[in-house]
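Close look at the chain arrangement
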Amino acid sequence: MKISRAWLQTYFENPLSDMAALSEALTFHAFEIDGIEGDILDVKVTPNRGHDCLSHRGIAKELSAILKLPLKNDGPRKSIIIEPKVEAVSVSIDTPLCSRYIAGYIKGVKVGPSPEWLRKALESLGQRSINNIVDATNYVMFDLGQPLHAFDAGKLSAKDGKYAIAVRSARKAEKMLALDDKEYALTPAMLVISDANADATIGIAGVKGGRPSGVDGDTVDIVIESANFDGASTRKTAQALKLRTDASQRFEQVISPELAAYGMRAAADLIVQLAGGTIAGFADAYPTKGDQKTVSVSVEKINQVLGTGLTAAEIADVFVRLEFGYKEEGGVFKVIPLFERLDILIAEDLVEEVGRIIGYDKVPATELPPFPKKPEVNANFYAAEKIREDLVSKGYSEVFTSVFADAGERAVANKVDSVRPYLRATLVDGLNDALERNIHNKDLLGLKEVKLFEIGVVWRDGKEMMMVSTASEKEKAAEMHLEGAGSPTYDELPLSKTGRYQPFSKYPFIVRDIALWVPADTDADRLRSDLAMWAAPMCLHVRPFDRFEKSGRLSLAFRLIFQSPGRTLTDAEANAVMEKVNAAVKDRGWEVR
Amino acid sequence: MPRGHIHPISSLIREANAIFFNMGFAFEEGPLLEDEWHNFNALNVPQDHPARDMQDTFFIKDEPGMVLRTHTSPVQVRYMESQMKKGIAPPYRVIVPGKVFRNEATDVTHEAEFFQIEGLAVGEDITLAHLKGTLARFFKELFKGAEVEIRFRPSFFPFTEPSVEVDMRVVGDAAPEKLRGKWIEMMGAGMVHPSVLENAGVDPKKYRGFAFGMGLDRLALLRWGIDDIRLMHSADLRFIDQF
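The residue count restarts for each chain, going from 1 along the sequence in the order it is written. Working convention: letters from A go to chains and numbers from 1 go to ligands, in the order in which they are written. For a predicted model such as this one, the threshold for reporting local features is a pLDDT of at least 70, and the threshold for listing and counting side-chain atom pairs is 80 or more; totals across whole chains, interfaces and linings nevertheless cover every residue.

In this description a helix means any DSSP run of H or I spanning at least four residues, a strand means any run of E spanning at least two, and both kinds are numbered starting from the N terminus. Of regular secondary structure, chain A possesses 16 helices and 29 strands. Rg of the C-alpha trace for chain A: 36 Å, well past the compact-globule value of 25 Å for 593 residues, more than 25% over. For chain A, the spread of C-alpha atoms along the three principal axes comes to 120 × 60 × 60 Å. For the exposure call, what matters is how many other C-beta atoms sit within 10 Å of a residue's own: 20 or more marks it buried, 12 or fewer exposed, and in between partly exposed, using C-beta atoms placed from the backbone. Across the 593 residues that make up chain A, the buried fraction comes to 40%. The contact rule is simple: place each C-beta atom from the backbone, and if two of them lie within 7 Å, those residues are in contact. Summarising the internal contacts of chain A: among those between residues at least 6 apart in sequence, 68% fall at separations of at least 24. Computation of the radius of gyration draws on C-alpha atoms alone. For the globule rule, the value is 2.2 Å times the number of residues to the power 0.38.

Shown next as structure tokens:
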């Protein structure tokens, strides 16, 4: 989530540290930072903290705990009363997937542009300013993490002077024109907000509001929604409609229904401040309020998991910094996490809080004690290693080809690129393809014969099995089942001694041969390096491939490989180099055959 | 006859196995075609977790509940289950090198099929400090005695609690020049979540463990300065013959 430093500053009395320091504090104690741009931190909030940290207030709380900075103006830490109760709006919840719905009725607002501070704050996060009402609801969402929505009350139906909001499942074949001016086809698996008097759908719960009830320049009275919708349900709806919004993203991660009240209070107050009007009151449907959880953890357990020697006082300090309530007795902490911290469920969750706030640099590096028994040798791996070494010693090189194939017994249902959806039933086809491709590079590779092998899994006869297959230019590709082999210990086998890999040219290469008559006592190796020198830099390799003696003279033949790292060479270029080489050879008094 | 070449991944697995074997870790394996229970549920990844979205996981046609495993972690559960069935209680120590799959478009740093190495140590006295010590020793031996530092950052995985990202830094003259002194993100790890132990039949009140999962292709890229992950499955001897 994009987090503005200026926005964070509203939570602190003293000036915050610079971006680098904030980034480091979060990186080593809370979240990865995906990027820093000017005043904006891109914080990668982990899925277990979507409950509380997709908000400036959540990140401010983290920094407060990490850097030991006191928070000011922390709304959700104060007690709150959602009053007065309003008669003019009723709320009914007809689904277990909505745990709370608060409607706030504000009359006599003046819709207009937002003040500069608000426009700037939203724009700094890449959000577009719309009007003071919509901006206020968005601001509170990015501030506290509670999604909100504003309906134009004038566009809802009143019955006996009363509005009725209902949360229910969408009807079959129901459609809704959303604020993005697109029409969405809804299904009964989706949750909607309904103007119950008209039985009209005015919003897709937790995802998007409807166009007909949207706030515009003529709006005078509004109904603000601050609700809590089920995570999985919201996610499925957003996915099905391909409509992932800032609101749906937050509900997907599951947020506490307690937060709805703070969101409502903050939004209502901000709207009255920006657009005038009066708060007529609130209707709060909150069928089942959850119990406050207590999670216990002992000092001993924390140290046993982390491998540390922390004291009860050091642990208590972490809970104080996180503002968790706790009681400690005989080395056991009974902790009451904040209501928004839905991630704290078991003792291990508290261990993590202690570990990360204190810092994982305080965890020492300790070697494991010796294992009480000798580990077993894996029969399949032992057998694979044995055959691997055997084949390498016979000149075969090992390749891995894809498990995806054009044919097979089983197939994947949803391959992104939809090519080769089958799971291979044989290694032979892939290996033959690889052989074909490598044969083209035989001269470049300097191989007399291309010989390949693969050890890999195939799916055949309804089973998954490990096969070994070989293929070379001289023998037909063959494969066999790899049978495990027992051994008391692994053999010591050679490892790759390569230091750095050298990228190879992807351009075509050109081959030229040269055969020479030279005196019998000529040093062939020296001659080869002379040829290489004369043919440089276009010539990559000079490889001897034939040698015989006749009547006191020596015949030597070499193959020259021409290739450029950055372009395709022409035959004419290779020929020109060969002429140069021929001339140099003749200068030495040697005869080109 | 000139020797052929082994694949760099095979060389890495051979080397990793030797290092971990000396620390008491056995080599384990599991099926590539895996059931959702082992790949997800048993690892505390609930039904509606985003990781189960269609674009990440390869599902098998006409075989509901079967996937190409998205990580080597299901073998944690399979291994513990099988040991408990045989009546063998912890301590356990295993590594699981093997192929895993992600249903995504490929580029120089992403492959749909790649290799991971999983590590698991379970006992009555295993700590996060042991994880740090074990990884420090592994990298030290892998980088041939170079000085290696290990750093943890907070993270989240459903199957570990606490969860960490592991960074590594090789320092000193013995370190490869391109890597020297730089922190590199190596893997995700943590203490095995009690639910995972429980799902495998191991009593989480008595036993704890650490687990890690590291990309072997990425490790190979770093180790040898390889510039394109797709070379691993290219079967191209212009690549393989360099190892």
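Structure's up, so let's keep going.
To continue, consider the overall build of chain B. In terms of regular secondary structure, chain B is built from 7 helices and 9 strands. Against the compact-globule benchmark of 18 Å for 243 residues, chain B has a radius of gyration of 18 Å, which places it among compact chains. Along the three orthogonal principal directions, the C-alpha set of chain B runs to about 50 × 45 × 40 Å. Restricting the contact set of chain B to residue pairs at least 6 apart, pairs at least 24 apart contribute 69%.

What follows deals with the environment of Ala584(A). Within the element layout of this structure, Ala584(A) appears in helix α16 (residues 571-587). Taking C-alpha positions, Ala584(A) is 87 Å from Asn73(A), a pair spaced 511 residues apart along the chain.

Moving on to the pairing of strand β6 (residues 147-157) of chain B. Residue and element names in this part refer to chain B. Of all 11 residues in β6, 8 are buried, a share of seventy percent or more. Examined bridge by bridge, β6 and strand β7 (residues 160-171) share 10 bridges and lie antiparallel to one another. Paired with Ile150 across the two strands is Met168, which belongs to β7. What sits between the antiparallel neighbours β6 and β7 is a turn of 2 residues. A strand pair is defined by DSSP finding two or more bridges across the two strands.

Let us now look at helix α11 (residues 347-358) of chain A. In an α-helix, one turn spans 3.6 residues; hence positions three or four apart end up facing the same way. All names here are of chain A. Spanning 12 residues, α11 covers 17 Å between terminal C-alpha atoms, matching the ideal 16 Å at 1.5 Å per step. Of all 12 residues in α11, 10 are buried, a share of seventy percent or more. Of the residues one or two after α11, Gly359 is the one with positive phi, at around 110°. Expected helix span is taken as 1.5 Å per residue step, with the number of steps being one fewer than the number of residues.

Residues and elements named next belong to chain A. Ordered in space as β16-β18-β17, the 3 strands form an open sheet in which the pairing is antiparallel. In this open sheet, the two edge strands, each paired with only one partner strand, are β16 (295-298) and β17 (325-329). The average angle at which neighbouring strand axes cross in this sheet is 20°, direction not considered. Summarising the sheet, β17 and strand β18 (residues 332-336) pair through 5 bridges and their orientation is antiparallel. By the bridge assignment for β18, Glu328 is matched with Phe333. Fitted lines through C-alpha atoms serve as axes, helices being fitted only where they are in contact, and the angles separating the N-to-C directions of these axes extend from 0 to 180 degrees.

Glancing now at the domain arrangement of chain A. By convention here, the domain bounds are inherited from an automatic or database domain assignment. As far as domains go, chain A holds domain 1 (2-73), domain 2 (89-285), domain 3 (295-362), domain 4 (379-481) and domain 5 (510-592). Using C-alpha coordinates to define each centre, domain 2 of chain A is positioned 58 Å away from domain 4 of chain A.

Let's shift gears to the interface of chain B and chain A. Contact residues are listed per partner, giving 72 residues for chain B and 76 residues for chain A. Looking at the side of chain B that touches chain A, the elements that each hand over two or more residues are α1 (8-22), β1 (26-27), β5 (113-123), α4 (128-142), β6, β7 and α7 (237-240) of chain B. Lys, Arg, Asp and Glu make up the charged group, whereas Ala, Val, Leu, Ile, Met, Phe, Trp, Tyr, Cys and Pro make up the nonpolar group; the residues left over, Gly among them, are polar. Taken together, the residues of the side of chain B that touches chain A sort by class into 38 nonpolar, 16 polar and 18 charged.

In these notes, a nonpolar core means any group of buried Ala, Val, Leu, Ile, Met, Phe, Trp, Tyr and Cys residues linked to one another through C-beta atoms within 7 Å. In this structure, Leu452(A), Val166(B), Phe210(B), Phe212(B) and Leu216(B) are the most contacted members of the largest nonpolar core, which totals 142 residues. With residues up to four places along the chain from it excluded, the contact list for Leu216(B) reads Ile9(B), Leu12(B), Ile13(B), Pro97(B), Phe115(B), Gln116(B) and Ile117(B). Judged by nonpolar contacts, the second largest core, of 71 residues, contains Ile106(A), Ala227(A), Phe282(A) and Ala283(A).

Here we take up the packing of helix α4 (residues 116-124) of chain A against helix α5 (residues 132-144) of chain A. Residue and element names in this part refer to chain A. Direction vectors running N to C along α4 and α5 enclose 55°, while the axes themselves pass 10 Å from each other. With respect to α5, the element α4 is oriented oblique. In this structure, α4 meets α5 at a crossing whose hand is left-handed. Counting all contacts with α4, which are made through Leu118, Ala121 and Leu122, the residues of α5 involved are Asp135, Asn138 and Tyr139. When the residues that make up the contact of α4 with α5 are grouped by side-chain class, the tally is 4 nonpolar, 1 polar and 1 charged. With respect to orientation, any angle under 35 degrees is reported as roughly parallel, any angle over 145 as roughly antiparallel, any angle of 65 to 115 as roughly perpendicular, and every other angle as oblique. In a left-handed crossing the near helix is turned counterclockwise from the far helix by less than a right angle, and in a right-handed crossing that turn is clockwise.

The next point concerns helix α6 (residues 216-224) of chain B. All names here are of chain B. With 7 of 9 residues buried, α6 is to be regarded as a mostly interior element. Within α6, the full set of buried residues consists of Leu216, Asp217, Leu219, Ala220, Leu221, Arg223 and Trp224. On its buried face, α6 is in contact with α1, β4 (92-101), β5 and β9 (208-215). The positive-phi residue at the C-terminal boundary of α6 is Gly225, with phi of around 70°.

In this section: the sheet that holds strand β20 (residues 404-405) of chain A. Residues and elements named next belong to chain A. Spatially, β20-β22-β21 is the arrangement adopted by the 3 strands of the open sheet, whose pairing is antiparallel. Strands at the two margins of the open sheet, each flanked by one partner only, are β20 and β21 (410-411). With 2 bridges connecting them, β21 and strand β22 (residues 422-423) associate as antiparallel partners. Its bridge partner being in β22, Ala411 is matched across the sheet by Tyr422.

Keep in mind that low pLDDT regions are not for reading the predicted coordinates in detail. Per-residue pLDDT for chain B averages 93, and the proportion of residues at 70 or more is 98%. For this predicted complex, the interface confidence comes out at an ipTM of 0.95, alongside a pTM of 0.92. The quantity called pLDDT is the predictor's confidence in a given residue, expressed from 0 to 100.

On to the packing of helix α9 (residues 299-306) of chain A against α11(A). In helix packing, the relevant descriptors are the interaxial angle and the interaxial distance, both defined with respect to the helix axes. Residues and elements named next belong to chain A. Two elements in contact, α9 and α11, have axes whose closest approach is 10 Å; the angle formed by their N-to-C orientations is 70°. As summarised for this structure, α9 and α11 are arranged roughly perpendicular, according to the angle between their axes. Here α9 and α11 pass one another in a crossing that is right-handed. Two secondary-structure elements touch here, α9 through Lys301, Ile302, Val305 and Leu306 and α11 through Ala347, Glu348, Val351, Val354 and Gly355. Of the residues in the contact of α9 with α11, the class split is 6 nonpolar, 1 polar and 2 charged.

Here we come to the environment of Leu67(A). The residue Leu67(A) is located in helix α3 (residues 56-67) in this model. Separated by 45 residues in the primary sequence, Leu67(A) and Leu22(A) have C-alpha atoms spaced 9.1 Å apart.

Glancing now at the pairing of β18(A). Along any regular strand, the residues point their side chains to alternate faces of the sheet. Residue and element names in this part refer to chain A. Covered by surrounding structure in β18 are Phe333 and Val335 only, the residues Val332, Lys334 and Ile336 on the alternate face being uncovered. In this sheet, β18 lies alongside β16 in antiparallel orientation, the contact comprising 4 bridges. Its bridge partner lying in β18, Ser298 is registered against Val332. Count of turn residues in the β17/β18 antiparallel hairpin: 2 residues, of which Gly330 carries a positive phi of about 55°.

Our next topic: unusual backbone geometry. A cis amide bond links Glu83(A) to the next residue, Pro84(A), at an omega of 0°. Mapped onto the fold, Pro84(A) is located in the loop between α3 and β4 (89-93). Note that the residue after Glu161(B), namely Pro162(B), is joined by a cis bond; omega there is -5°. Relative to the elements of secondary structure, Pro162(B) occurs in strand β7. Here the phi dihedral of Lys68(A) falls at roughly 55°; this positive angle occurs in a residue that is not glycine. Locating Lys68(A) in the fold gives a position in the loop between α3 and β4.

All names here are of chain A. Relative to the assigned elements, Ile561 resides in strand β28 (residues 553-562). Of the residues examined, Ile561 has 20 C-beta atoms within 10 Å and is grouped as buried. In this structure Ile561 touches Asp443, Leu444, Phe509, Val511, Cys539, Leu540 and His541, once residues within four positions along its chain are discounted.

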